[in-house]
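Structural description and commentary
Chain by chain, the residues run as shown.
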Number of protein chains: 2
Amino acid sequence: MKKNPWKKLDSRMVYTTPWISVREDRVIRPDGKEGKYSVIEMGHDVYIVAMDDQERFCLIGQHRYPTGSYSWELPGGNTDGEDIIEAAKRELWEEAGLKARQWQEIGTYEEMNGTTDCVMHVILARELQLTEDNKMAEEAIDNAKKVTIEQALEMIKTGEIVCALTTAAILKTALILEKKI
Amino acid sequence: MKKNPWKKLDSRMVYTTPWISVREDRVIRPDGKEGKYSVIEMGHDVYIVAMDDQERFCLIGQHRYPTGSYSWELPGGNTDGEDIIEAAKRELWEEAGLKARQWQEIGTYEEMNGTTDCVMHVILARELQLTEDNKMAEEAIDNAKKVTIEQALEMIKTGEIVCALTTAAILKTALILEKKI
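The model shown is predicted, which means the values in this text are computed figures rather than measured ones.

Calculation rules
Residues numbered from 1 in each chain as written. Chains lettered and ligands numbered in written order. Predicted model: local features only at pLDDT ≥ 70, side-chain atom pairs only at ≥ 80, totals over all residues. Heavy atoms only, no water. Least-squares fit on C-alpha atoms with pLDDT ≥ 70 in both. Contact = heavy atoms within 4.5 Å. pLDDT = per-residue confidence, 0-100. Phe/Tyr/Trp six-rings, centres within 6.5 Å; stacked < 30°, edge-to-face > 60°. Helix = DSSP H or I, 4+ residues; strand = E, 2+ residues; numbered from the N terminus. Buried < 20%, exposed > 50% of the residue type's maximum accessible area, 1.4 Å probe, protein only. Lys NZ or Arg CZ within 6 Å of the ring centre and 35° of its normal. Buried area = accessible area lost by both parts, 1.4 Å probe. Salt bridge = Lys/Arg side-chain N within 4 Å of Asp/Glu carboxyl O. Polar contact = N/O pair within 3.5 Å; in protein donor to acceptor, adjacent residues only side chain to side chain. Nonpolar A, V, L, I, M, F, W, Y, C, P; charged D, E, K, R; others polar. Pairing = 2+ DSSP bridges. Axes fitted to C-alpha atoms, helices over the stretch in contact; angles between N-to-C directions.

1. Thoughts on the relation of the copies chain A and chain B
- For these two chains of identical sequence, chain A goes onto chain B by a turn of 180 degrees and a shift of 0.0 Å along the axis, with RMSD 0.0 Å. A rotation of that kind, with that shift, is consistent with a two-fold axis.
- Most of the interface of chain A is mirrored in chain B, where 100% of its interface residues again form contacts.

Next up, the structure:
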């Protein structure tokens, strides 16, 4: 593999909200010329495949404002600088009302890596804890459903799942667990 | 499925380059309260699985500035408002030096749909045209390789492919073509 030909000269923030920041860098491009590059800073995200003892995992449905779609996705979100596994534990509890004993990072993905610096960590959570506390939290979440890998693949095939990261994470899980598709 | 609870009140552009635009909307959120929502406007992208008669397709490798990674991806890019299939033809020629006779949209994905409005169209191109012109263009591209679905799945499993969209598009292709994984 060739050496990374991009070089950063300097950097300034041009737009910041509590959710996104846009940075404008002065760079040397692969052709050797100077240019500008705008990067949307997102940092690290975690997405969790929370597998129960029947090998079903949780998807969360929600209306996404930017695209107007109803999207079934793995629970997850930004780490806000937290440790990856700690962030995954927090997100799984907040979004799905679930806790687990076994946690394993099975890979990372990038989305829009020509525009954002975001790295998405796929976390496989197993040995779900079924406490009373947990059961109440889980029941309070009305936009969750549990699917097998086979059911998820059908949702991908028909276009019911539109989230690229969720799709990629399901495939990674299937490959790691050596499931036949 | 419930009705989309988000409502847009008004909108203003806050940052624009030739590649990205950031829009700030005043919205009514699902909880009924007014808020702000920043949307990165990207429009429509096309990504092409260009399958030859040995069922190998083309991946393009490049260093991505925002993440610093070397990323193997399907050829593709923004439609710039063009017709989806016309844009796919242009991108496949520009990025991979390939032309094809048969074109089929096999699905769409979203990436970071909490932040951007981008819709990614996955296009399956078949019956590649192997003219002299085409051969020369293809040979001039030094960052391309051809892989089978099985080889691509191995690259996904090992983490050599990090692009979520490329991974999702390969899975969609495998499901549509009813390939065993």
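2. Considering the confidence of the model for chain A
- For chain A, per-residue confidence averages 93 on the pLDDT scale, and residues scoring 70 or more make up 95% of the total.
- Our summary of model confidence lists the complex with pTM equal to 0.94 and ipTM equal to 0.94.

3. Considerations on the packing of aromatic side chains
- Tallying each qualifying case throughout the model produces eight aromatic pairs over all chains.
- Look at Tyr37 of chain A and Tyr65 of chain B: their rings are 4.8 Å apart centre to centre, the planes differ by 45 degrees, and that puts the pair in the tilted class. Here Tyr37 of chain A is found in strand β3 (residues 34-41), whereas its partner Tyr65 of chain B is found in the loop between β5 (56-63) and β6 (70-73) on a different chain. Comparing Tyr37 of chain A with Tyr65 of chain B, the two get one shared label, buried.
- Centre to centre, the rings of Tyr70 of chain A and Trp72 of chain A are 5.6 Å apart; their planes meet at 75 degrees, and the pair counts as edge-to-face.
- An aromatic cluster of at least three residues, connected via ring pairs, comprises Trp6 and Tyr37 of chain A together with Tyr65 of chain B.
- Above the ring of Trp93 of chain A, the side-chain terminus of Lys99 of chain A is found at 4.7 Å from the ring centroid.

4. Points about the interface of chain A and chain B
- Between chain A and chain B, the residue contacts involve 62 residues of the former and 62 residues of the latter.
- Counting the surface lost from both chain A and chain B, the interface buries some 5400 Å², and carbon and sulfur atoms represent 65% of this.
- The largest share of the area that chain A buries against chain B comes from His63, Tyr65 and Met112 of chain A, three residues that together contribute 15% of it.
- Run the count over chain A and chain B and you get two salt bridges.
- The partner of Glu178 of chain B in a salt bridge is Lys157 of chain A, with the nearest N and O atoms 3.7 Å apart.
- Here chain A is connected to chain B by 28 residue pairs in polar contact (both at pLDDT 80 or more).
- For the side of chain A that touches chain B, the element with the most residues is helix α4 (residues 164-176) of chain A, which contributes seven residues.
- In the side of chain A that touches chain B, the residues fall into 30 nonpolar, 15 polar and 17 charged.

5. So, the pairing of β6 of chain B
Residues and elements named next belong to chain B.
- The sheet contact formed by β5 and β6 spans four bridges and is antiparallel. Note that in β6 the partner of His63 across the bridge is Tyr70.
- Counting the residues in the hairpin turn of β5 and β6 gives six residues, including Gly68, whose phi is positive at 75 degrees.

6. Quick word on the sheet that holds strand β3 (residues 34-41) of chain B
All names here are of chain B.
- Sheet architecture is open: three strands sit in the order β1-β2-β3, paired in antiparallel fashion. The two strands at the open ends of the sheet, each matched to only one other strand, are β1 (7-16) and β3. The mean angle between the axes of side-by-side strands here comes to 25 degrees, regardless of whether they run parallel or antiparallel.
- Relative to strand β2 (residues 21-28), β1 is paired through eight bridges, and the arrangement is antiparallel. For Arg12, the partnering residue across the bridge sits in β2 and is Glu24.

7. Re the side chain of Glu24 of chain A
- Here Glu24 of chain A lies in strand β2 (residues 21-28).
- Here the side chain of Glu24 of chain A touches Tyr15 of chain B through a polar contact of 2.5 Å, side chain to side chain.
- Non-local contacts of Glu24 of chain A, meaning those with residues more than four positions away in its chain, are made with Asp10, Ser11, Arg12, Val14, Lys36, Tyr37 and Ser38 of chain A together with Tyr15 of chain B.

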